[in-house]
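# An overview of the molecular structure
As a plain string of letters, each chain reads:
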Amino acid sequence: MGLTINTNPAAIRASFNLAKNNQQLQKSLTRLSSGKRIIKPADDAGGLAVSMKLNASISRMNASIANIQNAKSFGEVQDGALSSAAVIIDRMAELKSFSLDVLKSTTDVANYNTEFKALQQQLFQISSEKFNGVSLFATTQGVGNDSKATFGTDNYTISVFTSDRGDAGSKVSLNKAMLQAAVTFASSSDASAAAVGGGVTLAASLASTAIDIKTLGISFFNKALENVATLRAENGATMARFGFAEDHLRLSKSNLESANSRIMDVDVAEESTRLAKFNILSQASAAMLAQANLTPNSALMLLG
């Protein structure tokens, strides 16, 4: 190769190598400082696309976990209300037993009846409670004001979606327990279930609509307690499902995060080695560029 002044091929090649090595050095510095392997789409376009989908699934799983936890809170509040209802029914049965005492006067029975009717109103208030604006208990089934609910026949539920696929994935049906239907009977002589508003109920909205303590026998309270126990059992079964669904979601989320990490996160040990490599190459390229820039000086010796 001839000795030229206008063009210095060695310096051009050294400058090119210096630029490439500096580019790789800057990339390593950026990866290590950010902790990410993919900084720009050009680094790994396919991997970035997969990572974006995984991140979206993880975000939806976080939302589903929050929804499950809210549903569990709903169920816990509902169970607390059912527990209180059972205590009230037990007290009503106790009052009924006291009223049957032959030593009790008419005034005594009337006093028991006063508390008996007040407890019916309290039971109605419990059956009307809400959780964040959502009714804890259902009173009707179907559409329209004429729709009625019968304990053991109708079932009103709300769906809680337990996957990142929304309504296309798995779900748990949260039972909106029919407390009013559980304490409503066909008649004062029939303890079988009856439609809400279509029979004798222990949950009265007003004292004027409450039944008298003499109206029902002990068997009605036993049946009411049995019905409430059934509602609590249904509630407990649903809560157990929520627990398993949340555990499954958390495990799936952990696995997705691990998969996403393998795509997006930098291997610090490997990248540190690359950093050291390109740091040395950049310095060597700079030194060689300086040497190449001195090469045309040889032409001065010939000109002199």
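Everything below is about the structure shown above.
None of these values were measured; they are calculated from a predicted model.

## Thoughts on the pattern of salt bridges
Should their charged atoms come close, side chains of opposite charge can pair. One pass over the structure, following the stated rule, counts 13 salt bridges. The salt bridge partner of Glu-271 is Arg-31, with a shortest N-O separation of 3.5 Å. Pair noted here: Glu-271 is in helix 6 (residues 268–294) and Arg-31 is in helix 1 (residues 9–34), with a separation of 240 residues, a long-range link. Judged by its relative accessible area of 4%, Glu-271 falls in the buried class. Between Lys-104 and Asp-101 there is a salt bridge, with the nearest N and O atoms lying 2.7 Å from each other. Using a relative accessible area of 25% as the deciding quantity, one classes Lys-104 as partly exposed. Through salt bridges with shared partners, one network takes in Arg-31, Glu-271 and Arg-274.

## Focus on the packing of helix 1 against helix 6
Direction vectors running N to C along helix 1 and helix 6 enclose 155°, while the axes themselves pass 8 Å from each other. The orientation of helix 1 relative to helix 6 falls into the category roughly antiparallel. Regarding helix 1 and helix 6, the two cross each other, and that crossing is left-handed. Across the contact of helix 1 with helix 6, the residue classes tally to 15 nonpolar, eleven polar and three charged.

## Structural notes on the nonpolar core
Counting residues in hydrophobic clusters, the biggest one holds 51 residues, and the most contacted among them are Leu-123, Phe-137, Leu-202 and Phe-242. Every element with two or more residues in this core is listed here: helix 2 (45–99), helix 3 (106–127), strand 4 (171–175), helix 4 (179–182) and helix 5 (218–264). With 14 residues, helix 2 is the single largest residue contributor to this core. With sequence-adjacent residues up to four places away left out, Leu-123 is seen in contact with Ala-85, Ile-88, Ile-89, Val-183, Leu-202 and Ala-203.

## Topic: the environment of Leu-206
Among the secondary structure elements, Leu-206 is positioned in the loop between strand 7 (200–201) and helix 5. Overall, the relative accessible area of 47% leaves Leu-206 in the partly exposed class. For the pair Leu-206 and Phe-124, spaced 82 residues apart in the sequence, the C-alpha separation amounts to 8.9 Å.

## A few points about the packing of aromatic side chains
Tallying each qualifying case throughout the model produces four aromatic pairs. Their ring planes at 20° and their centres at 5.6 Å tell us that Phe-98 and Tyr-112 sit as a pair that is stacked. Placement of the pair is Phe-98 in helix 2 and Tyr-112 in helix 3, with a sequence separation of 14 residues. A relative accessible area of 33% means that Phe-98 is categorised as partly exposed. Assessed through its relative accessible area of 19%, Tyr-112 is described here as buried. On the basis of an interplanar angle of 85° and a centroid distance of 5.9 Å, the ring pair of Phe-116 and Phe-221 is categorised as edge-to-face. Here the residue Phe-116 occupies a position in helix 3, and Phe-221 occupies one in helix 5, the gap between them amounting to 105 residues.

## Observations regarding the packing of helix 2 against helix 5
Packing of helix 2 against helix 5 leaves a shortest axis separation of 8 Å and a crossing angle of 165°. As the angle between them shows, helix 2 and helix 5 are arranged roughly antiparallel. Like other packed secondary-structure pairs, helix 2 and helix 5 cross with a definite hand, here left-handed.

## Digging into the layout of surface pockets
In this structure, the largest pocket spans a volume of roughly 310 Å³. Where the lining of the largest pocket is concerned, the elements lending two or more residues are helix 2 and strand 3 (157–161). With seven residues, helix 2 is the single largest residue contributor to the lining of the largest pocket. Split by residue class, the lining of the largest pocket holds nine nonpolar, seven polar and two charged. The computed volume of the second largest pocket comes to approximately 180 Å³. Surrounding the second largest pocket, 14 residues form its lining, Asp-154, Asn-155, Asn-175, Leu-231 and Glu-234 being those nearest its centre. Among the elements of the structure, strand 4 and helix 5 are those that each provide at least two residues to the lining of the second largest pocket. Looking at which element gives the most residues to the lining of the second largest pocket, the answer is helix 5, with three residues. Residue composition of the lining of the second largest pocket, by class: five nonpolar, six polar and three charged.

## Some thoughts on the pairing of strand 6 (residues 190–193)
Sheet topology places strand 5 (residues 184–187) next to strand 6; two bridges connect them, and they run antiparallel. Within the sheet, the bridge partner assigned to Ser-187 lies in strand 6 and is Asp-190. A loop of two residues connects strand 5 with strand 6, the two strands running antiparallel in sequence.

Scoring rules and cut-offs
Residues numbered from 1 in each chain as written. Predicted model: local features only at pLDDT ≥ 70, side-chain atom pairs only at ≥ 80, totals over all residues. Heavy atoms only, no water. Salt bridge = Lys/Arg side-chain N within 4 Å of Asp/Glu carboxyl O. Helix = DSSP H or I, 4+ residues; strand = E, 2+ residues; numbered from the N terminus. Buried < 20%, exposed > 50% of the residue type's maximum accessible area, 1.4 Å probe, protein only. Axes fitted to C-alpha atoms, helices over the stretch in contact; angles between N-to-C directions. Parallel < 35°, antiparallel > 145°, perpendicular 65-115°, else oblique. Left-handed = near helix turned anticlockwise from the far one by under 90°. Nonpolar A, V, L, I, M, F, W, Y, C, P; charged D, E, K, R; others polar. Core = buried A, V, L, I, M, F, W, Y, C linked by side-chain atoms within 4.5 Å. Contact = heavy atoms within 4.5 Å. Phe/Tyr/Trp six-rings, centres within 6.5 Å; stacked < 30°, edge-to-face > 60°. 1 Å grid on protein atoms, 1.4 Å probe; cavity = no way out; pocket = protein on both sides within 12 Å on 5 of 7 lines; lining within 4 Å. Points joined across faces, edges and corners; volume = space filled by probe spheres on them. Pairing = 2+ DSSP bridges.

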